[in-house]
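# Working through the structure, step by step
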Amino acid sequence: MAYSAVVTFELPEEVERQFRERLNVKFLPSGLPLSPSDLDAAVSGCDAIVVTPPTQVDAEILSRLPASVKAIATYSVGLDHIDLEAAQKHGIAVLNTPDVLTDAVAETAILLLLGAARRATESISLIRSRTWTGWKPKQLVGLGLSDKKLGILGMGRIGRGIAHRAKAFGMEIHYHNTRRLTPDQEEGAQYYADPNAMLSVIDALVLACPLTPSTRGFLDERRLSLMKQTALIVNIARGAIIEDEALINALRDGRIFAAGLDVFANEPRLDPGYYDLPNVFMLPHIGSSTVEARMMMGMSLIEGLERLASGVNPPNRVT
Ligand code: NAP
């Protein structure tokens, strides 16, 4: 029998159609209700709850879910909003959407890298202000990427997707993971067991790791001070991996050339210090927001829930 699922957000139309066709689905676009009585009424009798990263699925919520709920499916690959230990303790399966959004997010990282290097924020402001006076050799001179060293923190699915694309721009790839990749996966990239040793060597840093206790606040004042003054910083991972005050000060003082950011701590109320910096190129967390990725993310969850319903472990079940 089809799984019954409560979807706690609005889906693109075609994705919603697929959910309605293939699952027994109820939509609660206002988000997961948090009061005990609302939560019970909303999810009572359902097999699965479908969430997005802004919804915190913490130990408290998991402990209050009715026994019928056997799965939490998140429309994301990131899992930092879900207490995985508590889910395991309650026997609740967690599904996410790996692989299907890798290309979209890797493309966004390249957009941010180019936007930061080529001073996109200032360029867009100048032309839209209608005050541009014409081509000048000294106007908005940015940095090139060719022959530069790109450091990737988190050389997983998305990190490797970024590496492939950056190589096409003539960049040399350096990376840190907690575990070194196999030579096949490395494809010539240089590994650093110590991320700090990488920071002083590279010309650009892309954050592509998950937000965990060990990556929270990773890019702080001390690490920023190890980087070149001409360095670029790109974050497509999670905002809280950066200490905002430290990055804002470094950008304002010219100790870092520019940043490209898709994600922020406390979204959507990002640190206001970012808004007026000319050398930050910002996007509102649109990393995976393509027609193709959104569709495949939906299909990945639908297929995962269908497999769970038929007693088969889906490949996108988080272990
Ligand atoms: P993934 O395949 O699991 O890759 C994550 C990589 O990070 C792994 O290679 C992992 O390797 C490494 N890592 C883990 N802890 C680390 C640490 N302390 N220091 C350095 N590297 C570490 O995940 P993915 O699919 O590439 O996604 C990565 C993240 O991107 C997600 O968790 C999510 O937060 C973010 N994301 C953002 C968007 C967006 O819209 N902007 C969209 C999708 C995903 P080791 O375990 O060997 O260290």
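Looking up the protein chain in an unreviewed UniProt entry gives the name D-glycerate dehydrogenase, with the organism given as Microvirga aerilata. For the record of the protein chain, the UniProt heading Sequence similarities (unreviewed entry) holds the text "Belongs to the D-isomer specific 2-hydroxyacid dehydrogenase family."

### Considerations on the environment of M1
One can find M1 in the segment before β1 (4-7). Under the relative-accessibility criterion, M1 is labelled exposed at 93%. The spatial distance from the C-alpha of M1 to the C-alpha of D262 is 40 Å, given a sequence separation of 261 residues.

### Some remarks on the site of the ligand
Taken together, 27 residues surround the ligand, and among them I158, T178, R179, I236 and D262 come closest. Contact between the ligand and M155: an oxygen atom at 3.5 Å from a main-chain N or O atom of the residue. At a separation of 3.1 Å, an oxygen atom of the ligand approaches a polar side-chain atom of N177. Considered on its own, the ligand offers 910 Å² of accessible surface; in the complex 86% of this is hidden by protein. Here the shell around the ligand is built from residues that sort into 12 nonpolar, 11 polar and four charged.

### Quick word on the environment of A259
Of note, A259 is situated in strand β11 (residues 258-261). The exposure class assigned to A259 is buried, which follows from its relative accessible area of 0%. Each C-alpha atom of the pair A259 and A116 lies 5.4 Å from the other, and the pair is 143 residues apart in sequence.

### Thoughts on the packing of helix α5 (residues 102-117) against helix α7 (residues 157-168)
Between α5 and α7, the least distance of the axes is 8 Å, while the angle of their chain directions is 55 degrees. When the interaxial angle is binned, α5 and α7 end up oblique. Considering only the axes of α5 and α7, their crossing is right-handed. Contact residues: T102, D103, V105, A106, E107, A109 and I110 in α5; R157, I158, G161, I162, R165 and A166 in α7. Classifying every residue of the contact of α5 with α7 gives seven nonpolar, two polar and four charged.

### Some details on the pattern of salt bridges
According to the stated counting rule, one finds 14 salt bridges in the structure shown. The closest approach of N and O atoms between R17 and E21, which form a salt bridge, is 2.5 Å. You can see R17 and its partner E21 sitting in helix α1 (residues 13-22), four residues apart, about one turn around the helix. Relative accessible area serves as the criterion here: at 53%, E21 is assigned to the exposed category. When the shortest N-O distance is used, the salt bridge between E122 and R119 registers 2.8 Å. What makes E122 partly exposed here is its relative accessible area of 21%. Put simply, E221, R252, D253 and R255 are held in one network by salt bridges that share partners.

### Let's talk about unusual backbone geometry
For the peptide bond that leads from E267 to P268, omega is 0 degrees, which places it in the cis range. Secondary-structure assignment places P268 in the loop between β11 and β12 (280-282). Of note, D147 is a non-glycine position whose phi angle comes to about 70 degrees, a positive value. You can see D147 is positioned in the loop between α6 (120-128) and β6 (149-153). For D147, a relative accessible area of 68% translates into the label exposed. Positive phi, close to 50 degrees, is recorded for H285, a residue that is not glycine.

### Notes on the pairing of strand β3 (residues 48-51)
Neither face of β3 is open: one carries A48 and V50, the other I49 and V51, and all of them are buried. Note that β1 and β3 share three bridges and pair parallel. Residue pairing in the sheet places V6 in a bridge with I49 of β3. In the classification by handedness, the crossover that spans β3, the intervening helix α3 (residues 59-64) and the parallel strand β4 (residues 71-74) is right-handed.

Here is what the cut-offs are and how they apply
Residues numbered from 1 in each chain as written. Predicted model: local features only at pLDDT ≥ 70, side-chain atom pairs only at ≥ 80, totals over all residues. Heavy atoms only, no water. UniProt positions renumbered as here; feature names shortened; annotations may be inferred. Helix = DSSP H or I, 4+ residues; strand = E, 2+ residues; numbered from the N terminus. Buried < 20%, exposed > 50% of the residue type's maximum accessible area, 1.4 Å probe, protein only. Near = heavy atom within 4 Å. Polar contact = N/O pair within 3.5 Å; in protein donor to acceptor, adjacent residues only side chain to side chain. Areas by Shrake-Rupley, 256 points an atom, 1.4 Å probe, with all protein chains shown as cover. Nonpolar A, V, L, I, M, F, W, Y, C, P; charged D, E, K, R; others polar. Axes fitted to C-alpha atoms, helices over the stretch in contact; angles between N-to-C directions. Parallel < 35°, antiparallel > 145°, perpendicular 65-115°, else oblique. Left-handed = near helix turned anticlockwise from the far one by under 90°. Contact = heavy atoms within 4.5 Å. Salt bridge = Lys/Arg side-chain N within 4 Å of Asp/Glu carboxyl O. Pairing = 2+ DSSP bridges. Right-handed = clockwise from strand over helix to strand, strands pointing away.

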